[in-house]
Amino acid sequence: MSTLIVLCAVYFGTVMNYPVLSAIFNLSSNVSNPLFAASAPLLLTCAFIIIFSLVAWPYIFKPFMAFVLLTSAAALYAEVNFHTLFDSTMMESVFETNSSEISFYMNGATLAYLAGFGLLPTLLLFMVRIVPQRTLLRATLSRVGIIVIALAGIGLTAATSYKDYASVGRNNHYLNKMIIPAHIYNGVKYLEKTYFTQTLVYKTQGEDAKVVANPNGKPTLMVVVLGETARAQNFAYNGYARDTNPYTKDMGLIAFQDVSSCGTYTALSVPCMFSNMTRETYNKPRALAQDNALNVIQHAGVDVLWIDNDGGDKGVADNLPYRTINSSLKNQDCNGTTCFDVAMMKDAKQFIDDGQHDKLLVLHTIGSHGPTYWQRYPDAQAPFQPACDRSDIENCSDQQIVNVYDNTLVYTDYVLAQVIDELKSVSNDYNVMMTYISDHGESLGESGLYLHGTPYSIAPKEQTHVPWLMWIPHQYAQQKGLNTQCLEQEAQTRSLSHDNLFHSLLGLYGVTSQAHNPELDITQNCQLNS
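Bear in mind that the values here come from a model prediction, so they are computed numbers and not experimental data. (Residues numbered from 1 in each chain as written. Predicted model: local features only at pLDDT ≥ 70, side-chain atom pairs only at ≥ 80, totals over all residues. Heavy atoms only, no water.)

Some details on the sheet that holds strand β6 (residues 322-324)
Note the cut-off: In this scheme, strands are said to pair when DSSP sees at least two bridges between them. Comment: elements are numbered from the N terminus, with helices defined as DSSP H or I runs of at least four residues and strands as E runs of at least two. For helices, the fitted line uses only the C-alpha atoms of the stretch in contact; every axis is such a line through C-alpha atoms, and the angle between N-to-C directions lies from 0 to 180 degrees.
In spatial order, the strands read β3-β11-β8-β2-β7-β5-β6; together these 7 strands make up an open sheet with mixed pairing. Since the sheet does not close on itself, it has two edges, and those belong to β3 (254-256) and β6, each with one partner. For this sheet, the mean inter-axis angle between neighbouring strands, taken without regard to orientation, is 15°. Judged from the 4 bridges that link them, strand β8 (residues 431-438) and strand β11 (residues 468-471) form a sheet pairing that is antiparallel.

Written out as C-alpha cells, the structure is:
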C-alpha cells in the first residue's frame, strides 16, 4: 500500500499539477534562489503523500482515487484550456450546472484528457495488486515511515525556500487555487455549507443601549481607525528605536503596550475584535449572525459609518452604512489599483459635517498591507532607505524589508495626525476622540518567517502583538468622566487583547447596555465617578 501511495502522490505532484508547476517556474525568474522552482514538485509530492495516507485503507483507497483521478482529469482540461480555477464559487457553479450545459464542454479534447489523464491511470490503479503486510505492526511502521519522510521533505523545502514561497504566494493568490485536486476540497465545502449547515437565526443584542448625555450638551464624535498589518514592536510608542510616530508624538496619545490580536489574518481578526466573543470562544458564523459593538452603539441612536480602503469589512458592516474607496481612480492619492489611506478623509469630512448628531466613524485602512508595502505611501514620505520597492520581497534584504515596512507605519502616523487635526477643527461642535487599533501584526524575517497568517498556536509575537492608541482630549475626558492619567497607567501595566474592544468602545463612547461587560472595559477602573 505504501508504494501505491507514493506513486499516486508523485503523479499528482508532477503530472496532474504541471500547470501550477509551470506557473511557479515562470515566477521563479524573479527569484534568486535556484532551489525555489526545483523544490515545488517535491513539496507537492510530499503533501500528497500525507493526504493520501489518511485515506489509504482497504476497499476505500482505490475507489476514492478513481474518483479523484477522473474528476481531476476534467479539472486539468478546464484549467489548461480555460484557465479555470476551482475555488468555492466555481464549485457552486459546477454543482448548479444542468446536464445540457455539461454537454457543451464535451468534445474530442475533453475525452482525450479524461482518457489519458484519468481513465488510463485509473485502469492501472485497479490492475495493481496490493499485498498486505504480514503483521499490523509492519504495516503501521511502513505507513508512518513514508509520512515521516514526507514531513522531512516539507521541512527541507521550508528551510531552503520559505521566504520565496511566502512572497510568491502572497503576490499570486491564484496559485493555491490551481492545485489539483482542490476541487474535491472546495466541493465538499460547498455541499457542507449548502446542505448540512443550519442557517443561524440573527441575534440582536444591546437594543436597550443608550448614550449618557454629555453635560455640555454637545454630541459625541468618535473615530475608530482600524489598522492593517501593523505590529506593535515597530511603533515608537512601544519602545522602538526608530521614530515611526513623528506626526503624532506631540499630540498626547495614550499607547497601550501589551495588546494581543484575536487572529493572525484579517478575515478572522476583524469580525472577532468587534464581536462580544473572546478569542477562545470565537465562532465566526455566530459572530456574523448577531449584533457587534458598532450595531449596539447604533441601537443607542448614534450615526455610524464604515469607510473602507482595505478590501472589505469582513461582514462587520453588513447592517451599517458603508462606503468604499474607489481604487480604480488615478489621482494624487490613487494609482488605479490602490489608494493611500488619506483618500478616506474626503468622505470622512462629509460625514462629520453632515449635521451635528452623535456619530461614530470607522476608517478601515490599508495600512501596512504587504508584500507591496511601498504602495502604501507617497515616495516623498519614505524616510527609511533603502526600501524594498518591489513585490517579490524574496529579492530584498531583510533590512530593506524592515525599512519599507517602517515607512508604512510613518505614513499611518501621518494619517492619524490628519484625523486628529480634523477632529480638533470641529471640537467646538462635538466632543471628539480617536482610537487606533490594528487587526494583526507581521513577520519581517524573524525566525525565517515573513508576512502573517501563521496558525495562532504557533504564531510568533510579531504577528499577534498589535498597537492600540487613543487620543482623548481634556474636553472629551471631562464629559465622559474619564481619568486619562489612570488610562495612561493602565496602558503601561495592563495586558489587553481584542477581547476588550467591544466593551471598551461602549465605555469610551458612554453607552449603557446590558450587552456591556465592565470586566472587559478598559475604562472601568478609570471612571472619575467610580
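Here we look at helix α11 (residues 266-274)
Cut-off, in case you're wondering: Partly exposed residues are those whose accessible area sits between 20% and 50% of the maximum for their type, while under 20% is buried and over 50% is exposed, using a 1.4 Å probe and protein chains only. Two residues qualify as a contact provided that any one of their heavy atoms is within 4.5 Å of a heavy atom in the partner residue.
Extensive coverage of α11 is indicated by the burial of 7 of its 9 residues. Every buried residue of α11 is accounted for by T266, S269, V270, P271, C272, M273 and F274. Packed against the buried residues of α11 are β2 (220-227), α12 (284-288), α13 (293-299), β5 (303-308), β8 and α19 (501-509).

Concerning the pattern of salt bridges
Once their charged atoms are close, side chains differing in charge can pair, the charge on each being opposite to the other. Heads up, the rule is: Between Lys or Arg on one side and Asp or Glu on the other, a salt bridge is scored when a side-chain nitrogen of the former is within 4 Å of a carboxyl oxygen of the latter.
Applying the stated criterion to the full structure yields 7 salt bridges. Note that K249 and D243 form a salt bridge whose closest N and O atoms lie 3.0 Å from each other. Of the residues examined, D243 reaches a relative accessible area of 33% and is grouped as partly exposed. A salt bridge links E280 to R279; its shortest N-O distance comes to 3.6 Å. According to the relative accessible area criterion, E280 is exposed, its value standing at 59%.

Quick notes on the packing of helix α2 (residues 18-27) against helix α3 (residues 35-55)
To keep it simple, the criterion reads: Angles below 35 degrees are treated as roughly parallel, those above 145 as roughly antiparallel, those between 65 and 115 as roughly perpendicular, and all remaining angles as oblique. Crossings are classed by handedness, with left-handed meaning an anticlockwise turn of the near helix from the far one by less than a right angle and right-handed meaning a clockwise turn. Residues are grouped as follows: Ala, Val, Leu, Ile, Met, Phe, Trp, Tyr, Cys and Pro are nonpolar; Asp, Glu, Lys and Arg are charged; every other residue, Gly included, is polar.
At a closest axis distance of 9 Å, the pairing of α2 and α3 adopts a crossing angle of 155°. When the interaxial angle is binned, α2 and α3 end up roughly antiparallel. When the axes of α2 and α3 are compared, the crossing they make is right-handed. Judged by residue contacts, V20, L21, I24 and F25 of α2 engage F36, A37, A40, P41 and L44 from α3. Split into classes, the residues belonging to the contact of α2 with α3 amount to 9 nonpolar, no polar and no charged.

Things to note about helix α15 (residues 398-425)
As a reminder, the rule being used: The span expected for a helix works out to 1.5 Å for each residue beyond the first.
Taking 1.5 Å of rise per residue, the 28 residues of α15 would be expected to cover 40 Å, and the 41 Å separating its terminal C-alpha atoms lies within 8% of that figure. Here α15 lies mainly inside the structure; 20 of its 28 residues are buried.

Brief notes about the packing of aromatic side chains
For clarity, the threshold we go by: Each Phe, Tyr or Trp ring, with Trp reduced to its six-membered ring, pairs with another whose centre is within 6.5 Å; inter-plane angles below 30 degrees give stacked pairs, above 60 give edge-to-face pairs, and intermediate values give tilted ones.
Summed over all chains, the structure comprises 14 aromatic pairs. On the numbers, 5.2 Å between centres and 70° between planes, the contact of Y247 with Y414 is edge-to-face. With a gap of 167 residues between them, Y247 in the loop between β2 and β3 and Y414 in helix α15 connect regions that are remote in the sequence. Members of the aromatic cluster, each reached through a chain of ring pairs, are Y11, F12, F48 and F52.

Quick look at the side chain of D406
The cut-off we apply is this: Polar contacts, as used here, are pairs of N or O atoms within 3.5 Å; protein pairs need one atom able to donate a hydrogen and one able to accept it. Residues neighboring in sequence count only if both atoms are side-chain atoms.
Of note, D406 is situated in helix α15. Given a relative accessible area of 0%, D406 falls into the buried group. A distance of 2.7 Å separates the side chain of D406 from the side chain of N234, its partner in a polar contact. At 2.7 Å, the side chain of D406 forms a polar contact with the side chain of R242. Sequence-distant contacts of D406, defined by excluding residues within four places in its chain, comprise N234, Y240, R242, T244 and F384.

Considering the packing of helix α14 (residues 345-353) against α15
Any two packed helices are characterised by how steeply their axes cross, that is the angle between the axes, and by the distance between the axes. Remark: α14 packs on α15, axes separated minimally by 11 Å, with the N-to-C direction vectors making an angle of 20°. When the axes of α14 and α15 are compared, the pair comes out roughly parallel. Like other packed secondary-structure pairs, α14 and α15 cross with a definite hand, here right-handed. Of α15, the residues touching α14 (which contributes M345, K349, I352 and D353) are Q418, V419 and E422. When the residues that make up the contact of α14 with α15 are grouped by side-chain class, the tally is 3 nonpolar, 1 polar and 3 charged.

Quick notes on a negative patch on the surface
For clarity, the threshold we go by: Like-charged residues are merged into a patch within 9 Å and nonpolar side chains (Val, Leu, Ile, Met, Phe, Trp, Tyr) within 5 Å, provided each residue has over 30% relative accessible area and no salt bridge. Accessible surface is estimated by sampling points in the Shrake-Rupley manner with a 1.4 Å probe; for residues, cover comes only from the protein chains shown. In this count, Lys and Arg are taken as positive residues and Asp and Glu as negative ones, while His and the chain termini are left out. Note on charges: their place is set at NZ of Lys, CZ of Arg, CG of Asp or CD of Glu.
On the surface, D303, D353, D354 and D429 cluster together into a patch of negative charge. Relative to the helices and strands, D354 resides in the loop between α14 and β7 (359-364). Judged by relative accessible area, D354 falls into the exposed class, the value being 57%.

Some thoughts on the side chain of N172
Among the secondary structure elements, N172 is positioned in the loop between α8 (136-171) and α9 (174-178). A distance of 2.8 Å separates a polar side-chain atom of N172 from the backbone oxygen of V168.

Points about the environment of L329
Position of L329 among the secondary structure elements: in the loop between β6 and α14. Spatially, the C-alpha atom of L329 lies 39 Å from that of V188, the residues being 141 residues apart in sequence. Aside from chain neighbours lying at most four places away, what touches L329 is C334, N335 and G336.

Comments concerning the environment of L363
Relative to the helices and strands, L363 is located in strand β7. Separated by 54 residues in sequence, L363 and N309 place their C-alpha atoms 7.8 Å apart. The contacts of L363, once residues within four sequence positions are left out, are V223, V224, V225, L226, I307, M344, A348 and V419.

Some thoughts on the environment of Q475
With respect to the helices, strands and loops of the structure, Q475 is situated in helix α17 (residues 474-480). For Q475, a relative accessible area of 23% puts it in the partly exposed group. If near-sequence neighbours (up to four positions away) are discounted, Q475 is found in contact with N216, K218, S427, Y430 and N431. Polar side-chain contacts of Q475 include one of 3.0 Å to the side chain of K218.

Digging into unusual backbone geometry
The peptide bond linking I180 to P181 adopts the cis configuration, its omega dihedral lying at 15°. Following G370, the chain continues into P371 via a peptide bond in cis, with omega recorded as 0°. Mapped onto the elements, P371 comes out in the loop between β7 and α15. Notably, Y59 is not glycine yet its phi reads approximately 70°, a positive angle. Among the secondary structure elements, Y59 is positioned in the loop between α3 and α4 (61-82).

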